[in-house]
Amino acid sequence: MSIEQLVVEPSQVTVAPRRSVFGKLLRDPQAVITMAILFIIVMLGIFTPWLTSIDPNEAQLSAYNAPPGTPGHILGADQSGRDIASRLLHSISTSVIAGLIGASVALVIGTVFGLIGGYFGTKIRAGTEWLFNLIMTFPGLLLLILLMPVTKGDYRATMLIFGVLLSPGIFRIVRNLVVGVKNELFVDAARVSGLSNLRILARHVLFVIRGPIIIATAFMIGSAIGIQSGLAFLGVGSNTVPSFGAMIAEGFGNLYVQPVQFVWPSLMLGLMTASLVLLGNSLRDAFEGVRPKASRATRRPVTVITESAAADDALLVVQDLAIGYPTPSGGVREVVTGVSLRLEAGKTLGLVGESGSGKTQTAFAVLGVLPPDARILRGSITLNGRELLDLPEAKMRQLRGREIAYIPQEPMSNLDPSYTVGAQLVEGIRASSKMTAKDAKARVLELLARVGITDPRRTFDSYPHQISGGMAQRVLIAGAVASRPTLLIADEPTTALDVTVQADILDLLRDLQQEMGMAVLIVTHNFGVVADLCDHIAVMTDGTVVEEGTALDIFRNPQHEYTQMLLGSILEDTVVRTDAPSRPTTEAVS
Amino acid sequence: MSEHFLEVSDLRVSYPSRGFRRPPVEVLHGVSLTIAEGETLGVVGESGSGKTTIGRAILGLAKPSGGRITLRGEDITHAGTAERRRISRDLQVVFQDPYTSLNPSMTIGDILSEPLIIQGTSSKDASKRVRSLLDKVGLPSDAIERRPREFSGGQRQRVAIARALAPSPKLIVCDEPVSALDLTTQARVLELLVDIQRETGVAYLFVSHDLSVVRHISHRVAVVYKGDIVETGPAADVTSQPEHPYTQRLLLAAPVADPLEQQQRRAERRRLIDLQREQDEQAGAVA
Amino acid sequence: MILYALRRLVAGLVLAVLVTFITFLLLSTSFESVVRSILGLAATPESIASLTHSLGYDRPVLVQYFEWLGGLFTGDFGTSLFTSQPVAVAVTARLTVTLSLVATALTITVIISVLLGVAAATRGGAIDRISQGISLLGYIVPGLLLAIVLVVVFAVNLRILPATGFVPFAENPAKWAASITIPVIVLVIGGIASMTAQIRGSMIDELRKDYVRTLRTRGIPTNAIVLRHALRNASGPALTVLSLEFISMFGGSLIIENVFALPGFGSYSFNAALQGDIPVIMGITVFSVMLVVTVNLATDIANGWLNPKARMH
């Protein structure tokens, strides 16, 4: 896990303990208000018989279009003389029932099939997938109307069908989650212990899906209420069932006579729908936590530059570099606390440390590709005497790909999956030097051959998912050295590769360095790689360099105790297990 | 009579391939190995070699398409769920990724007691055992109420080890248990595994891509290459004087942590590669 | 690629047959009530039996269905029970109206959503908050209410746009535009709610990926990275949302056509359903399903073009 992930993405785990979800909800004003509104509305619906004794369908011709405030009709009466307040209250139950039927049908069908489709083998999964594709093909509202002769306008039957039509959404969510969880190692561990499928589903899987389901339910209830209102508006369904949609239709017709008739049902409907949507959003925030924020893609980090050192003829000089990130509580957390390095032209410097030491952050700072919320608190980075930290993005971009190059750690995720390998390399070359497309292509083919790819033309036309990890790394190396850079920064270039491939890549890097005279800054945690490639070493921990020197000195004669401890942890080549297999003891642990 | 605790004979595993009617892809082409009680067998290979599949087949997470796996003489090749429950008293697992091998929504206490409760242990006994397990792997007992995300990678791996130890198994399949850990943590976790073996006499099937790790903990080593075991033998021999060309390449490819020695090894590797290429060409010319 | 498209097409046709069959099955339960409503007061047991027979409703359902299916191949979609008008002709005319509405709304939705979503994802700050606010508004306000409010404000009070009626594009482009302006606005506001949120979310995710950083280190300009790379990869899920939006707009046009008195597909279906005009209902169903299948196919093809990995399936 890199530092970036720690700060920008709070956790890889999206499940929060039971207690704090509800707690979070209670602390969110949006959630509290919407829940209160919905609660009040539902209560009004439940207590309707006690709140009004007027029959919602009872037409009193004398009250024809009565304005609000008429005695006996607080909110007035509609054009048939029916009491509006009574109709409003009764409509609440209609909407609530509609919402609940639609949502629960969708929930039950979608969840059950989602669990089945996600957990069990491919044939079952394909079958359920096909079934729900079928359901999704039905054009919703249209179908409900078309089936009017069948449902005879009963809104409950209609909502049932609507629930079926809504279920593919839930199915997809549940199925994707189950497939995700099913492949997790903790489910494997449970299977090893002999947990039955049912218990695994119950114990391990259901918990993960409850969040998204609850969120989807809120939205689905809103959706069902909306559809039912729409249908009632169109006149589908029985006249004797009061509903907001019907009231809105009547109000719409009476807009010039008594506009207020339109207002009451619209307000109620709008309130219910809005509350459900906003509650759904709050639920999502409570369950899934902070979502990544949008921010300027390429803002230069806020910088405080120290005086650059007196002329140093080294190629790259980093001085007292400090990088920090803002914490949720408003402070700044330093991840690099004052790093100084120097790298001479044509030499190799190994930046060694364990995870969290800040070595990758330092490398990114040199390239100018730190994440947008990074802050450079102090320090200076000079390349050939030129200060990099106060360069505007446009100038920095000119350096990248031309004088400073980068090889990433994980080859596959660093190639754009939608373009061929060749297209990406050509684009990179043309961004840093003026070449025609034809010349760029020729150069790329040349480079691919140079980095040891056996069939350059075929690789050129391949997509990233069609080539192996080792080949992908060679491609990335080709892209990096295309412009013969003076400084190459390699971030754990062999960590993700097999050991035999690793050795070949190290050979390649060494050859390229000798051929082009590049200076190489290699970030790694592997001392073997360092021993293979590097002239100099800098050891980092906790954001700072604790020791540096020539490779030979550091390996043979480490001074700092951290370096000594690190080197001591390396498993010696000569140590082999000498004790014989143990005789099993009787229950050793009481 | 088989005196081996675990015996794998001619194991084959195939996976269905992507196309509509394409034949399945065979990942293991008939591998055989044995593990005695209290012994560590290291299984080393690169990605795609099938080394992890061997472990998964033994654990029942991958279906064998041929061959036999016997545990204490009993055939467990196609064991069902109920049998697995019984077998898990003797056979457990520690996975590679400490971040996804523990259910993030369960407490450490629940995670550790789950294998015990399945076996029918009462929750009182399970609690006691959980405490002693935590002690054994060097974690504080207040971890019981906490969740995995509050712990570091190394600590989580200790929890995974404790979970594996819960039913006092005789064999633990360790699938790259230290690959995701830092250098210093790696060393400590390996020490822990060796100590536990010395104390309890548990056997390990230790799968890894790292020869130096395997060398450190194994009594015997098996080398896997493209679905076949190409070499087996005592750890000392296989990891310093290997006979099979692939093992030789593997050994020389791993860089050694000393500049001058690494220079030598590089030269040796170059020589070996040239030699092997000549041999291949001669063999090709003759054929 | 072509094979892939053909396979999806065949799957779609199979789906269409299934859907229409199930629909017919469901409709067959109301044969008698339809016959009654046609006859009206003249409904006696004899006249019911006679009409049922002459309409062929006394035959087995499967036979009737296959006869109907066969008719499709000759272009005969049946004739309306109530207007005696050939279904194909009527449906096509109505469909044109609705599609002109939906297509316009969808195009505008896509343009606005892409601009807003990309801007929100790459700039953050005020634009981001505005786009989230617009999305929220679109979700919260039911289309029904919005339509009515807009009609009242623009057509009734301000009188700058017609409240009802439709003028075909061929007849008078300017009047056509005026007649669909408010309906399009209603559809667009609902549409951009989900599209913008989707694009914004996908773009944010995409921009945080490793390959974006690597492209930056090659010196490729930010615009190229955002538009050529991130947007392309982010558009997969957005396309799915787009096809869903199309279908939901198509369905939602039902209400819009009612409020604005547009002679479209929706109102035609509604009347047919009210009356129980079975041949028309079947015609509508098959057209709708084929529309959905076509939209899904187009989405799949676009997705396959944009995302090479998907083609392998």
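Residues numbered from 1 in each chain as written. Chains lettered and ligands numbered in written order. Predicted model: local features only at pLDDT ≥ 70, side-chain atom pairs only at ≥ 80, totals over all residues.

Asks: In this structure, what is going on with the overall build of chain B? I would like to understand it.
Replies: When you go through chain B residue by residue, the secondary structure sums to 10 helices and 10 strands. Expected size for 287 residues packed as a compact globule is a radius of gyration near 19 Å; at 21 Å, chain B falls within 12% of this value. With the C-alpha coordinates of chain B rotated into their principal frame, the extents come out at 70 × 50 × 45 Å. Across the 287 residues that make up chain B, the buried fraction comes to 50%. Pairs at least 24 residues apart make up 66% of the contacts formed inside chain B by residues separated by at least 6 positions. (Helix = DSSP H or I, 4+ residues; strand = E, 2+ residues; numbered from the N terminus. Rg over C-alpha atoms; globule rule 2.2 N^0.38 Å. Buried ≥ 20, exposed ≤ 12 C-beta atoms within 10 Å, placed from the backbone. Contact = placed C-beta atoms within 7 Å.)

Asks: I tried to follow the sheet that holds strand S9 (residues 519-524) of chain A on my own but got confused; where do I start?
Replies: Residues and elements named next belong to chain A. Judged by pairing direction, the sheet is mixed, and its six strands sit side by side in the order S7-S8-S9-S4-S10-S11 without closing on themselves. What marks the edges here is a single partner per strand, and that holds for strand S7 (404-407) and strand S11 (544-550). With strand direction ignored, the average angle separating the axes of adjacent strands in the sheet is 15 degrees. Both strand S4 (residues 348-352) and strand S10 (residues 536-541) contribute to a ladder of four bridges, which runs parallel. Its bridge partner being in S10, Leu 349 is matched across the sheet by His 536. Each of S4, S7, strand S8 (487-491), S9 and S10 is contacted by helix H14 (residues 359-367), which is oriented at about 145 degrees to S8, the strand it contacts most. In the packing of helix H19 (residues 469-481) onto the sheet, the strands contacted are S7 and S8, and the crossing angle to S7 comes to about 175 degrees. (Pairing = 2+ DSSP bridges. Axes fitted to C-alpha atoms, helices over the stretch in contact; angles between N-to-C directions.)

Asks: Any chance you could explain the interface of chain A and chain B here in plain terms?
Replies: For an interface, size is often stated in terms of accessible area lost upon the parts coming together. Between chain A and chain B, the residue contacts involve 52 residues of the former and 64 residues of the latter. Where the side of chain A that touches chain B is concerned, the elements lending two or more residues are helix H10 (185-192), helix H11 (197-234), helix H20 (499-516), helix H21 (527-533), helix H22 (551-556) and helix H23 (561-569) of chain A. Considering every element that reaches the side of chain A that touches chain B, the biggest residue donor is H10 of chain A, with six residues.

Asks: Would you explain unusual backbone geometry in this entry?
Replies: Most of the time, phi is negative for any residue but glycine, and the peptide bond is trans. Although it is not a glycine, Glu 176 of chain B adopts a positive phi angle of roughly 50 degrees. Mapped onto the elements, Glu 176 of chain B comes out in the loop between strand S7 (171-175) and helix H6 (183-200). The class of Glu 176 of chain B is partly exposed, set by 19 C-beta atoms lying within 10 Å. Phi angles above zero are rare outside glycine, and Ala 261 of chain C is one such case at about 50 degrees.

Asks: What am I meant to see in helix H4 (residues 123-136) of chain B here?
Replies: Helical periodicity: at 3.6 residues per turn, an α-helix aligns residues three or four positions apart in one direction. Residues and elements named next belong to chain B. Across its 14 residues, H4 extends 20 Å between first and last C-alpha, which sits within 8% of the 20 Å expected from 1.5 Å per residue. Of the residues making up H4, those classed as buried are Ala 126, Arg 129, Val 130, Leu 133 and Leu 134. On an axial view of H4, the arc spanned by its buried residues comes to 140 degrees, and they lie on one face. Gly 138, located one to two residues past H4, shows a positive phi value of around 80 degrees. (Expected span 1.5 Å × (residues − 1). Arc of directions from axis to C-beta.)

Asks: Hey, could you run me through the domain arrangement of chain B in this one?
Replies: What the domain assignment reports for chain B is domain 1 (1-90 + 167-242), domain 2 (103-165) and domain 3 (255-287). Of note, the centres of domain 1 of chain B and domain 3 of chain B, computed from C-alpha atoms alone, are 29 Å apart. (Domains from an automatic or database assignment.)

Asks: Can you help me understand the interface of chain A and chain C in this one?
Replies: If you look at the interface, chain A gives 57 residues, while chain C gives 67 residues. Elements supplying a minimum of two residues to the side of chain A that touches chain C: helix H6 (122-137), helix H7 (140-146), helix H8 (148-151), H11, helix H12 (244-253), helix H13 (260-288), helix H15 (393-399) and helix H16 (421-432) of chain A. No other element matches the six residues that H13 of chain A contributes to the side of chain A that touches chain C. Class assignment of the residues belonging to the side of chain A that touches chain C gives a composition of 30 nonpolar, 19 polar and eight charged. (Nonpolar A, V, L, I, M, F, W, Y, C, P; charged D, E, K, R; others polar.)

Asks: Where do I start with the packing of helix H3 (residues 108-118) of chain B against helix H5 (residues 153-165) of chain B in this structure?
Replies: Between two packed helices, both the angle of their axes relative to each other and the distance between the axes serve to describe the pair. All names here are of chain B. Two elements in contact, H3 and H5, have axes whose closest approach is 7 Å; the angle formed by their N-to-C orientations is 30 degrees. When the axes of H3 and H5 are compared, the pair comes out roughly parallel. In the packing of H3 onto H5, the handedness of the crossing is right-handed. Contacts between H3 and H5 involve Ile 108, Ile 111, Leu 112 and Pro 115 on the former and, on the latter, Val 159, Ala 162 and Arg 163. A per-class count over the contact of H3 with H5 returns six nonpolar, no polar and one charged. (Parallel < 35°, antiparallel > 145°, perpendicular 65-115°, else oblique. Left-handed = near helix turned anticlockwise from the far one by under 90°.)

Asks: In this structure, what is going on with the pairing of strand S8 (residues 203-208) of chain B? I would like to understand it.
Replies: Strand residues, when the strand is regular, have side chains that alternate between the two faces of the sheet. Residue and element names in this part refer to chain B. Counting buried positions along S8 gives six out of six residues, so the element sits mostly inside the fold. Burial along S8 is two-sided: Ala 203, Leu 205 and Val 207 and Tyr 204, Phe 206 and Ser 208, pointing in opposite directions, are all buried. With five bridges connecting them, strand S3 (residues 40-44) and S8 associate as parallel partners. Its bridge partner lying in S8, Gly 42 is registered against Phe 206. Both S7 and S8 contribute to a ladder of five bridges, which runs parallel. Bridge pairing in S8 links Leu 171 to Ala 203. Between the parallel pair S7 and S8, the chain is carried across by H6, and the sense of this crossover is right-handed. (Right-handed = clockwise from strand over helix to strand, strands pointing away.)

Asks: Looking at this structure, how should I read the sheet that holds S3 of chain B?
Replies: Within a sheet, adjacent strands bond to each other through the backbone by hydrogen bonds, running parallel or antiparallel. Residues and elements named next belong to chain B. Strand order in the open sheet formed by six strands is S6-S7-S8-S3-S9-S10, and the pairing between neighbours is mixed. Where the open sheet ends on each side, the last strands, each with one partner, are strand S6 (91-94) and strand S10 (228-234). The mean inter-strand angle of the sheet, taken between neighbouring strand axes irrespective of direction, is 15 degrees. Examined bridge by bridge, strand S9 (residues 220-225) and S10 share six bridges and lie antiparallel to one another. Residue Ala 222 lies in a different strand from S10, and its bridge partner there is Thr 232.

Asks: Explain the nonpolar core to me, please; I cannot follow it from the model alone.
Replies: Soluble globular proteins: nonpolar side chains tend toward being buried together. Residues Ile 145, Leu 316, Leu 487, Leu 488, Ile 489 and Leu 521 of chain A together with Leu 205 of chain B are the most contacted members of the largest nonpolar core, which totals 332 residues. Not counting residues up to four positions away in its chain, the partners in contact with Leu 487 of chain A are Leu 315, Leu 316, Leu 383, Glu 403, Ile 404, Met 518, Ala 519 and Leu 521 of chain A. (Core = buried A, V, L, I, M, F, W, Y, C linked by C-beta atoms within 7 Å.)

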